[in-house]
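# Structure assessment
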Amino acid sequence: MTILGKKTKRALAFIVLMGFVSLFSDIVYEGARSISGPFLGLLGASATVVAFTAGLGEFIGYALRLVTGYLAGKTKRYWLFTFVGYFMNLFAVPALALAGNWQLAVLLLLSERFGKAIRKPSRDTMMSYAAKQVGTGFGFGLEEALDQVGAISGPVILSLVLSLKAGEEFAKYKLAFSVLFFPALIAIILLICGRIFFPEPGEFEEKSTPGGKITTNGFALYMVAISLIAAGFSDFPLISFHFAKNHILSSSTIPLFYSIAMAVDAVAALFFGKLFDKKGIMVLIISSALSALFAPLVFLTKNIFLISVGVSLWGIGMGAQESILKAVVANLVSREKRAFAYGIFNTVFGLFWFLGSLFMGILYEKSLLLLVIFSVVSELSSVFVLLGLRKH
C-alpha cells in the first residue's frame, strides 16, 4: 500500500468520525430548531421575534466567524476552538428546558449559535485538509450526509416525545429539550476521540497546495452570490411558526416535516457534492435554481403534498449550502489563508441571512405573497451571479 493510500484512508476515517460528531450534534440543535418556533410562540413571542431570533442567531453564528477564523488561522489551535465551541453549542440547548419566558429562551438559542461561531472555521479548515484527499465536494458531502442523519433523528425523537408525553404543552417541550442532553454528551466523547487519533489534521494536505487569493474577482463574485442565497432562504423556525399559527400541521407533525427536509438534505449533499467534483460550479447553479421554488409551496398552500415538495426543495438548498458552498471556498483559497477565508465567507453569509430573515419576518406580518416574491427573486438572482462566476 502506498503512502498516499494510507493518507487517503486516514483522511476518510477522520471525515467519518467528524461526521458522527455532527450526527449527534445535529440531533441536539436541529431537533431544537424543529420546535423552537412553536416553543417561542407558546412563551408569547410574535412572528417578528421568532424571525428576528432565527436571523440574529444565524448572524451571530456566522459573523463572529470572521474573528474566530482569523484567530484560528493565526494560532493554528484548531482543536481548542472546536472544543470550546462545541461545549457552548451543545449544552445551551438542553438548558432550554429551564426557560420560563421567551426572553431567556432567545438568550439560550443565541448562545447555541455563538458556540457554533467559535468552532466552525476551525472545524471546516480541518475538514478541508482531509477533503482534499478524497475530493472537496465528496468530502464535505459525506460529512454533511452523516450530519443529516442526526438532523433527521433529532426532530423525529422530539416528535415522539411531544406526541407520547401527556399533560400540558409546556411540560412536553421541557421534557423534549431535557432528552437532548444525552446526544450532546456522546458528541463530546466522539470529539475527544478525534483529538486523540487525529491530533494534526493538517497532515492530510500538502503545504504547497494550489489555491486562489482571497482578493480575486472570483472570490468577490462568489460572496455576492452567497449573499443572495442567504438573504432569500427562510429559516425553518419561521416556516414551522407559519405551520403552527395557521393550524396547517400539528405540533408533533411539524418535526416530521423537518425530518423530511433533512433526509433530502443528506441525499442532496452527497449527490451534488460528488457531482461538484466532476462538473464544478454548474452543480451549485442547478441546486440553487431548484431550491428557489420552495417558498411559494410552503407559504402559499395548505395542500400537504405541495408542502412536502416545498420542504424537500428547501432541503436541497440546505444540502447545497452545507457541502458545495464550503467546497468552493476550499478550491478557491490556499490552505494558509483558508481559516480566515472561511471566516469571511461565513460572516458575509450570516449577515445576509440575518437581514433576509428579519425582512421576511416583517413581510410575513404584512403579506405572504411579498415574502414569497422576495425569496424567489433573491434565490434566482444568485443563479445569474453564479453563471457569471463560471467564467472565472
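These remarks concern the structure in this document. (Residues numbered from 1 in each chain as written. Predicted model: local features only at pLDDT ≥ 70, side-chain atom pairs only at ≥ 80, totals over all residues. Heavy atoms only, no water.)

Attention now goes to the overall build of the chain. Looking only at helices and strands, one finds 16 helices and zero strands in the chain. Taken over the C-alpha trace, the chain has a radius of gyration of 20 Å; the compact-globule value for 392 residues is 21 Å, and the two agree within 12%. Taken over 392 residues, the chain has a buried fraction of 60%. A sequence separation of at least 24 residues applies to 86% of the contacts in the chain between residues at least 6 apart. Here the chain displays about 14,800 Å² of accessible surface, and carbon together with sulfur accounts for 72% of that area. Seen as two clouds, the 33 positive and the 21 negative side-chain charges of the chain have centres 5 Å apart. (Helix = DSSP H or I, 4+ residues; strand = E, 2+ residues; numbered from the N terminus. Rg over C-alpha atoms; globule rule 2.2 N^0.38 Å. Buried < 20%, exposed > 50% of the residue type's maximum accessible area, 1.4 Å probe, protein only. Contact = heavy atoms within 4.5 Å. Areas by Shrake-Rupley, 256 points an atom, 1.4 Å probe, with all protein chains shown as cover. Lys, Arg positive; Asp, Glu negative; His and termini not counted. Charge placed at Lys NZ, Arg CZ, Asp CG, Glu CD.)

Turning to the pattern of salt bridges, a few remarks are in order. This model, assessed by the stated rule, comprises seven salt bridges. Arg-123 is the salt-bridge partner of Glu-143, the closest N and O atoms lying 3.0 Å from each other. Here Arg-123 lies in helix H5 (residues 102-134) and Glu-143 lies in helix H6 (residues 136-164), a separation of 20 residues in the sequence. The buried category is assigned to Glu-143, whose relative accessible area is 3%. Residue Arg-123 is classed as buried on the basis of its relative accessible area, which comes to 3%. One salt-bridge network, held together by shared partners, links Glu-30, Arg-33 and Asp-235. (Salt bridge = Lys/Arg side-chain N within 4 Å of Asp/Glu carboxyl O.)

Another aspect to go through is helix H7 (residues 169-179). Of the residues making up H7, those classed as buried are Lys-172, Tyr-173, Ala-176 and Phe-177. Down the axis of H7, the smallest arc covering the buried residues is 130 degrees, so these residues share one side. (Arc of directions from axis to C-beta.)

Once that is clear, we can look at the packing of helix H4 (residues 78-91) against H5. Helix-helix packing: each pair is described by the crossing angle between the helix axes and the interaxial distance. H5 packs onto H4 with a crossing angle of 145 degrees between their chain directions and a minimal axis gap of 7 Å. Seen from above, H4 lies across H5 with left-handed handedness. Taken together, the residues of the contact of H4 with H5 sort by class into ten nonpolar, seven polar and five charged. (Axes fitted to C-alpha atoms, helices over the stretch in contact; angles between N-to-C directions. Left-handed = near helix turned anticlockwise from the far one by under 90°. Nonpolar A, V, L, I, M, F, W, Y, C, P; charged D, E, K, R; others polar.)

What follows is about the layout of surface pockets. There is about 410 Å³ of room inside the largest pocket. Secondary-structure elements contributing two or more residues to the lining of the largest pocket are H4 and H5. Residue contributions to the lining of the largest pocket peak at four residues, all from H4. Taken together, the residues that form the lining of the largest pocket break down as eight nonpolar, one polar and eleven charged. (1 Å grid on protein atoms, 1.4 Å probe; cavity = no way out; pocket = protein on both sides within 12 Å on 5 of 7 lines; lining within 4 Å. Points joined across faces, edges and corners; volume = space filled by probe spheres on them.)

Another point: the packing of aromatic side chains. Considering all chains together, one arrives at 27 aromatic pairs under this definition. When the ring of Trp-79 is compared with that of Phe-83, the centres are 6.1 Å apart and the planes differ by 45 degrees; the resulting orientation is tilted. Of this pair, Trp-79 and Phe-83 both sit in helix H4, four residues apart, roughly one helical turn. Residue Phe-83 is classed as buried on the basis of its relative accessible area, which comes to 18%. Measuring from centroid to centroid gives 6.2 Å for Phe-241 and Tyr-364, while their planes differ by 75 degrees, and the two rings are edge-to-face. Here Phe-241 is found in helix H10 (residues 236-245), whereas its partner Tyr-364 is found in helix H15 (residues 338-366), with 123 residues between them in sequence. Taken as a pair, Phe-241 and Tyr-364 share a single burial class, namely buried. Chaining the aromatic ring pairs together yields one cluster made of Tyr-222, Phe-233, Phe-236, Tyr-258, Phe-294, Trp-314, Phe-345, Phe-349 and Trp-353. (Phe/Tyr/Trp six-rings, centres within 6.5 Å; stacked < 30°, edge-to-face > 60°.)

Okay, the environment of Ala-99 next. Within the secondary structure layout, Ala-99 lies in the loop between H4 and H5. On the accessibility criterion, Ala-99 (0% relative accessible area) is buried. Taking C-alpha positions, Ala-99 is 9.2 Å from Leu-43, a pair spaced 56 residues apart along the chain. Setting aside anything within four residues of it in sequence, one finds Ala-99 in contact with Phe-39, Leu-104, Ala-105, Leu-108 and Phe-170.

Glancing now at the nonpolar core. Of all hydrophobic cores here, the largest spans 128 residues; its most connected members are Phe-14, Phe-177, Tyr-222, Phe-243, Phe-299, Trp-314 and Leu-386. In terms of residue count, the dominant contributor to this core is helix H1 (residues 3-42) (14 residues). In contact with Phe-177, other than residues within four places in its own chain, are Ala-32, Ile-35, Phe-39, Val-93, Pro-94, Leu-96 and Ala-97. (Core = buried A, V, L, I, M, F, W, Y, C linked by side-chain atoms within 4.5 Å.)

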